[in-house]
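# Structure at a glance
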Amino acid sequence: MAQGLVRKLLPGFLAVAVFMTGDGFELTFLSKYVVDQGFSSSQASLMFTMYGLVAALAGWSSGVLSELFGPKRMMLIGAASWIILHLVFVGIALPSHIFWLMLVSYMLRGMGYPLFIYSFVVLLVQTVDPAKLSSALGWFWTAYSFGIGVFGAYLPAWIVPLIGEYHTLWFSLVFSAIGTAICLFFVPKTHNDKLDTMSSSDKMRELARGVTILKDNHQIALAAILRVICNLTLYGFPVIMPLYLATHNNGGLALFKVTEWSTIWGLLFLVTVFGNVFWGRTGDRFGWMGQMRWWGCWLCAIGTLAMYYVPLYFGHNMPLMYLCAVVLGMGISAFVPMGAVFPALEPEHKGAAVSANNLASGLTTFCGPFIATLLLQTVGFAGVCWAYAICYIGGSIMSFWIRPNQPGMPERKSRRSKKLAA
C-alpha cells in the first residue's frame, strides 16, 4: 500500500478522478466556443471569473460544513448541484444565446466541484496519519489531475472533432454522474464525536472560523495568499491560451488548433500525475516549504513565461510546447503539501484550517481568470503571463514567513544528522 493511502478511501480517489473528468471537459475549448458564438473574449473571461468566485465561497464552506454534517453528505450535495446546474447551462442557457443566463447558470455551477472534492480532503484529514498527510494529498491531487487534466483534456481532443463542442458538453455529464454514484455507494461515512456536544451557536462559530482564522493566525493568512498564487495559471490559462494559440483575438497567433492545445494541456496534467506523488513524498521527507519555495514558485514562473514566448519565437513547435507543459506541470505539482500546511499551522481547529485552504483554492479559480479579464484588453497576453510570473516570484519570497511545525520532520532530521556523523 502506498504511503499515506488508506485502503477504504480508494473509492473516494476513484470518485474524484471520474467526477472531475466530466468537470474538466470544457476547460480546453469553452472560452473559444463562447467567442465563436459571437460573444467577446472579455465576456468569456468574465464567465470563468464569476465561476471562480462562487467556487471560492463553496471551497471555503466545504471544510467546516464537512466537519459539521459529514464529508460524504457534502460530497453528494456538491455533485447533485453540479449535475442540475450543468443541465440548465447546457440545455437552456447556451441554446438561448442570452449572456446573463449563461453567466448565472455557469457561475452557480461553480459551487459543485469544490464541495465534492474538498469535502473528500476533510475525509483524508480525519482519517490519515498527519505525518503522512502530504503523501495522501499527493494521491488526491493525482486523482484530481487524472480527471480534470488527463482524461478531461484528451477525451475532448478526440470527441470534439466527431460530435462538436456543444454535444461534448452533454457527454461530460456521463462521467460526473458515474463519479457521484461511486461516492454514493462506496465512499465511507465518518463521524465527528465533538459535534454531539456542540450547540447550534457553536456550530455557527465554527463555520465562521473558516474566515476569522485568517485574521487570528497571520501564518494561515500568508499561506492562503500562497495557495491563491500557486494555481493561477492552472485556471488562467484555460481562458487565455485557446484564444492566444488558436485565434487572432487580442493579438493571438492562430498557430495551433484547439485540439493541439488540448494535448499540450493534457500533457501538463499527465506530468502532475507523476509530480503529485513524487513531490508529496519528497515534501514529507525533506520539508514542505523549501520544496514549494524553490521548485514550485520558480518552475511555475519559468513555465508560464515559456508558454507565451515559445510560440511567439519558435512558431508551431509542438515538442517545445510539450517541454513547457512539463516544466509548468512539475512546478504546479510541487505545491502538493499546501493542503497539509494549513492544519499543521492550526492543529486545534483543523476543519477551519482546511476551510481557509479551500477558500484560497477557490479564490485562485477566481483570480486566475480575473487577472486575465482585467489585463487582457490593455496589456494583452504578454502582460497577463508576466503578471502570473511576478506573482509566483513574490510567493517564493513570502514563503520565508510561513513556518509550519511539520509532523515527523524533527525525527527525520535527527536520523539524517546521525547518518552524516557516523
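Below or above, wherever it landed, is the structure these notes cover. These numbers were taken from a predicted model, which means no experiment stands behind them.

### Considerations on the environment of Ser 62
Counting through the fold element by element, Ser 62 comes out in helix H3 (residues 41-69). Of the residues examined, Ser 62 reaches a relative accessible area of 0% and is grouped as buried. With 295 residues separating them in the primary sequence, Ser 62 and Asn 357 have C-alpha atoms 10 Å apart. Look past the residues within four positions of Ser 62 in its chain and what remains in contact with it is Pro 114, Leu 115, Tyr 118, Ser 119, Val 122 and Asn 358.

### Quick notes on the side chain of Thr 304
Checked against the element boundaries, Thr 304 lands in helix H12 (residues 288-314). At 2.7 Å, the side chain of Thr 304 and the backbone oxygen of Cys 300 are in polar contact. Setting aside residues up to four positions removed in sequence, Thr 304 forms contacts with Thr 233, Phe 237, Leu 328, Cys 385, Tyr 388, Ala 389 and Tyr 392.

### Re the pattern of salt bridges
Within the structure shown, the criterion is met by four salt bridges. With its nearest N and O atoms 2.7 Å apart, the salt bridge here joins Arg 109 to Glu 26. Of this pair, Arg 109 sits in helix H5 (residues 99-109) while Glu 26 sits in the loop between helix H1 (10-24) and helix H2 (30-36), and the two are 83 residues apart along the sequence. Overall, Glu 26 belongs to the buried group, its relative accessible area being 1%. With a shortest N-O distance of 2.9 Å, Lys 32 and Asp 36 are connected by a salt bridge.

### Some remarks on the packing of H12 against helix H15 (residues 350-398)
Between H12 and H15, the least distance of the axes is 8 Å, while the angle of their chain directions is 170 degrees. With respect to H15, the element H12 is oriented roughly antiparallel. Residues Arg 293, Cys 297, Trp 298, Cys 300, Ala 301, Thr 304, Leu 305, Tyr 308 and Tyr 309 of H12 form the contact with H15, whose participating residues are Phe 381, Ala 382, Cys 385, Trp 386, Tyr 388, Ala 389, Tyr 392, Ile 393, Gly 395 and Ser 396. Residue composition of the contact of H12 with H15, by class: 15 nonpolar, three polar and one charged.

### Notes on the packing of helix H4 (residues 71-96) against helix H7 (residues 133-186)
Between H4 and H7, the least distance of the axes is 10 Å, while the angle of their chain directions is 165 degrees. One element, H4, and the other, H7, form an angle in the roughly antiparallel class. Both H4 and H7 take part in a crossing whose hand is left-handed. Here H4 contributes Lys 72, Met 75, Leu 76, Ala 79, Trp 82, Ile 83, His 86, Leu 87, Val 90, Gly 91, Leu 94 and Pro 95 to the contact with H7, which in turn contributes Tyr 166, Leu 169, Trp 170, Ser 172, Leu 173, Ser 176, Ala 177, Thr 180, Cys 183 and Leu 184. Partitioning the contact of H4 with H7 into residue classes produces 16 nonpolar, five polar and one charged.

Rules used in this analysis
- Residues numbered from 1 in each chain as written.
- Predicted model: local features only at pLDDT ≥ 70, side-chain atom pairs only at ≥ 80, totals over all residues.
- Heavy atoms only, no water.
- Helix = DSSP H or I, 4+ residues; strand = E, 2+ residues; numbered from the N terminus.
- Buried < 20%, exposed > 50% of the residue type's maximum accessible area, 1.4 Å probe, protein only.
- Contact = heavy atoms within 4.5 Å.
- Polar contact = N/O pair within 3.5 Å; in protein donor to acceptor, adjacent residues only side chain to side chain.
- Salt bridge = Lys/Arg side-chain N within 4 Å of Asp/Glu carboxyl O.
- Axes fitted to C-alpha atoms, helices over the stretch in contact; angles between N-to-C directions.
- Parallel < 35°, antiparallel > 145°, perpendicular 65-115°, else oblique.
- Nonpolar A, V, L, I, M, F, W, Y, C, P; charged D, E, K, R; others polar.
- Left-handed = near helix turned anticlockwise from the far one by under 90°.

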